[in-house]
Structures are given as C-alpha cells and as structure tokens.
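So you can see what is in the structure, the chains are spelled out below.
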Amino acid sequence: MADLEGLKQAVIVGKRLDAVELTKQAVGEGVDPQELVNSILIPALNVVGDRFEKKEIFVPEMMIAAKTMQACMDVVKPLLRKEAKIVHGTVVLGTVYGDLHDIGKNLAKLLLESSGFKVIDLGVGVRPKTFVDAAGAQKADVVGLSSLLTTGDPHVLETVKAIREGGVSGGVKIVCGGAALTRRFVEETCGADAFAKDAAEGVRKIKELLGITQ
Ligand code: B1M
C-alpha cells in the first residue's frame, strides 16, 4: 500500500531519493496525482514553513525540502498535464519583484495550460515594467501574479498599478495568488480583479472573468 505519510515525512526532512521513490510507488498504485499534490506535497511544505517560522529549521533545510518537493513534482507533472484542444486565451504569469518562490506559480502554470490557456511564464523576481511590456506584446487576456512574501505586498500593489496605468489594451484582467496575499488586500487594496487561494481557483476565476463557460 502507498506510504503517503512516509512520503510527506521524506519531503519535510528532504530525503529526495526516498520521496521520489515513494511518489512513483503511490502513482503506480493508482493514487490520484492531483490529490497527491494537494494532500501530501503541499501540506509537507506547510510543515516546513511552520518549522522555519519557529526557528526549528533554517534556510538550507527549507531549500532541501523545496528541491525534494520539486523532484516529486517532476514525477507527477506529466500525469497532471492534459492536452487541451481549445486555446481560451493568453495568461502572462510571474512571481513579483523581490520574490524567488516559484513552486506555486509553476503549479498555476501547469493547471492553466492543461485547461486550455497559453501561458507566458516570466519567471521570478519580475519587475512591474516587465509585466506591462509582456502583457502588451503578447496581447494578454490576463496577468497572473504570485507573491509569497509579506514584503512583496508593495510590489503587488505597484505591479497592478503599472498594468492599469500602462496602457495595456483590451482591459487586461489581473489575478493574484500566493501565501502572503489575502482576498481583501488583492481585490480591495490593490484593485486587481481576483484573488486565487490555489491554482484550481486561479483557473476558475480566470474563466469567470473571461466569460468562458466550458
Ligand atoms: Co520561503 N518563505 N523564503 N522559501 N518558503 C515562506 C513563503 C514563509 C511563509 C515561511 C515561513 O516563515 N513560514 C516565509 C515568508 C514570511 C512572510 O513574508 N510572511 C518565507 C521566507 C521568510 C523566505 C526567505 C526570506 C527566507 C530567508 O532567506 N531568510 C527567502 C526569500 C527569498 C526570496 O524570495 N527573495 C525564502 C526562500 C525559500 C526557499 C528558496 C528555501 C524555498 C523556495 C523554493 C522555490 O520556490 N523554488 C522556500 C519555501 C519552499 C517556502 C515555503 C516553506 C513553501 C512555499 C511553497 O512552495 N508552498 C513557505 C511556507 C509556506 O508557504 N507555508 C515559505 C507550496 C506552494 C504550492 O504554495 O506558493 O502558496 P503557494 O502556491 C499556491 C497558491 O498560493 C496559489 O496556487 C498555488 C498552488 O495551489 N498561487 C497562485 C500561487 N501563485 C499563484 C498565481 C496565480 C494563481 C494561484 O496566478 C493566476
């Protein structure tokens, strides 16, 4: 039987080979890959975050856990990726300036692509002007911002303002996600169109904003 608790612990303590092996076993035994990400891999990183906050572990251990999670994601990704036949629109996606976290952004990208969106991934530490330029050049329907650090709040605010004032044509929509953000901050303070608590909500909100019903 799949050792899901063992997998979670392996990610938490950063035992990469064990974690990859247990991931392969789990999906081999029919555990739903999306469920594995949502119920085991992401919660494992939440434990890592809590331990970091309590100063029980430090940046190197957090880094090793993140790399372990990413190695597991490499196993799971091909199973999550669906070939979408329709192109619903273009999303320019990136992590805001000053922030190098990308696991959540990459998950959002995977799910968007599987749901029929073309995604232009600007990477991490993206300056407001880069978002504006890319949204204009790609004729984006949506800009997706990811922000994991509280210190990133001003950058989210500045990016939303730059996009709104930057003359990006066609009323581009802005959707923000990431652990540091709240619905209230995103939708009321920043004036973005929607907050997404997870990647699935990101897809749902984007479809809603673009009036896509399939
Ligand atoms: Co960092 N880190 N980290 N970290 N890290 C957090 C975010 C932190 C909360 C940990 C803690 O203290 N509990 C804390 C921030 C505290 C705060 O600001 N309030 C923190 C800190 C402090 C730091 C450093 C400053 C530490 C230091 O150097 N002293 C440093 C910052 C570096 C920088 O960015 N400039 C740092 C570094 C790192 C690592 C490099 C070691 C590593 C990142 C590796 C990587 O990303 N490649 C790391 C990690 C792994 C974490 C935690 C443990 C896990 C983050 C993660 O990947 N979660 C994190 C603690 C936590 O979040 N509980 C922590 C899983 C991921 C799937 O969730 O990104 O929220 P998330 O994405 C979700 C949704 O939010 C949403 O969908 C995703 C999937 O469902 N979503 C979107 C996200 N973006 C979206 C975009 C959309 C839609 C939905 O657009 C449409």
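No experiment lies behind these values; they were computed from the predicted model shown. (Residues numbered from 1 in each chain as written. Predicted model: local features only at pLDDT ≥ 70, side-chain atom pairs only at ≥ 80, totals over all residues. Heavy atoms only, no water.)

Brief notes about the coordination of the cobalt atom of the ligand
Inference 1: With respect to protein ligation, the cobalt atom of the ligand binds only H101 (NE2), at 2.2 Å.
Inference 2: Mapped onto the fold, H101 is located in the loop between β1 (89–95) and α5 (103–114). (Donors = N, O, S within 2.8 Å, 3.2 Å for Na, K, Ca; no water. Helix = DSSP H or I, 4+ residues; strand = E, 2+ residues; numbered from the N terminus.)

Some points on helix α7 (residues 153–165)
Inference 1: Over its 13 residues, α7 runs 18 Å from end to end, which matches the ideal 18 Å to within 8%, given 1.5 Å per residue.
Inference 2: Turning to α7, its buried residues are D153, V156, T159, V160 and I163. Axial view of α7: buried residues confined to an arc of 125 degrees, hence all on one face. (Expected span 1.5 Å × (residues − 1). Buried < 20%, exposed > 50% of the residue type's maximum accessible area, 1.4 Å probe, protein only. Arc of directions from axis to C-beta.)

Some points on the site of the ligand
Inference 1: As a structural note, the neighbourhood of the ligand is formed by 33 residues, with L100, H101, D102, S146 and T150 the closest of them.
Inference 2: Between the ligand and D99 there is a distance of 3.4 Å, counted from an oxygen atom to a side-chain nitrogen or oxygen.
Inference 3: Those elements giving two or more residues to the shell around the ligand turn out to be α3 (33–53), α4 (59–80), α5 and β3 (142–146).
Inference 4: If you tally residues by element for the shell around the ligand, the top one is α3, at six residues.
Inference 5: Of the residues that make up the shell around the ligand, three or more belong to each of domain 1 (4–80) and domain 2 (90–210). (Near = heavy atom within 4 Å. Polar contact = N/O pair within 3.5 Å; in protein donor to acceptor, adjacent residues only side chain to side chain. Domains from an automatic or database assignment.)

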